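Listed here are the chains, written in short residue letters.
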Amino acid sequence: MTDDLPAAWSRDRADASRPTPNATPRRFLRYVHDTGDVSLRVAPATLEVTERPGYELSVTIYPGLELEERTVVRTVTTCESCKRLAREFMSVFDGRYEGAANTEAAVEYATERVAPSSAYDGIVTD
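### Structural notes on the pairing of strand β4 (residues 55-61)
Regular strands have side chains that alternate between both faces of the sheet.
Step number 1: The buried fraction of β4 is high, at seven of seven residues.
Step number 2: The alternating pattern of β4 places Y55, L57, V59 and I61 on one face and E56, S58 and T60 on the opposite face, and all of these are buried.
Step number 3: Sheet topology places strand β3 (residues 38-44) next to β4; seven bridges connect them, and they run antiparallel. When the sheet's bridge partners are listed, V38 is paired in β4 with I61.
Step number 4: Bridge count between β4 and strand β5 (residues 69-76): seven bridges; the pairing is antiparallel. Bridging across to β5, I61 finds its partner in E69.

Here you go:
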């Protein structure tokens with residue numbers, strides 16, 4: 001699947017690694033908003049934290065700065081599902097973003113829209 005990203009976003013990095021020679025490659029992707037104030041990360045889930053395998057989508061506000069804040073938005077079972085959620089986050093963020101003054105509010109809004117509902121455990125299996 002190609003990255004059909006909103007115009008204000010670009011893929012900054014894409015890596016893959018294999019924990020063992022015969023293992024399925026684990027993908028790592030990073031997307032950055034044109035302002036540089038927001039980045040999204042698609043990476044294998046941290047098993048110590050989530051207790052289940054899969055991929056997690058996280059958002060970082062002000063990456064690389066002292067004010068940097070990283071939040072896990074959602075954990076899903078496949079990289080493709082996580083990439084789809086990342087694109088959804090980007091679209092919702094862009095619809096709410098009005099400039100640097102409301103970066104945090106736009107991230108919060110997009111996070112709420114992409115996060116699982118309280119009635120759902122958060123794992124997407126499609």
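### Things to note about the environment of R74
Step number 1: Among the secondary structure elements, R74 is positioned in strand β5.
Step number 2: Separated by 37 residues in sequence, R74 and T111 have C-alpha atoms that sit 8.7 Å apart.
Step number 3: Of the polar contacts made by the side chain of R74, one reaches the backbone oxygen of V114; its length is 2.8 Å.

Scoring rules and cut-offs
- Residues numbered from 1 in each chain as written.
- Predicted model: local features only at pLDDT ≥ 70, side-chain atom pairs only at ≥ 80, totals over all residues.
- Heavy atoms only, no water.
- Buried < 20%, exposed > 50% of the residue type's maximum accessible area, 1.4 Å probe, protein only.
- Helix = DSSP H or I, 4+ residues; strand = E, 2+ residues; numbered from the N terminus.
- Pairing = 2+ DSSP bridges.
- Polar contact = N/O pair within 3.5 Å; in protein donor to acceptor, adjacent residues only side chain to side chain.

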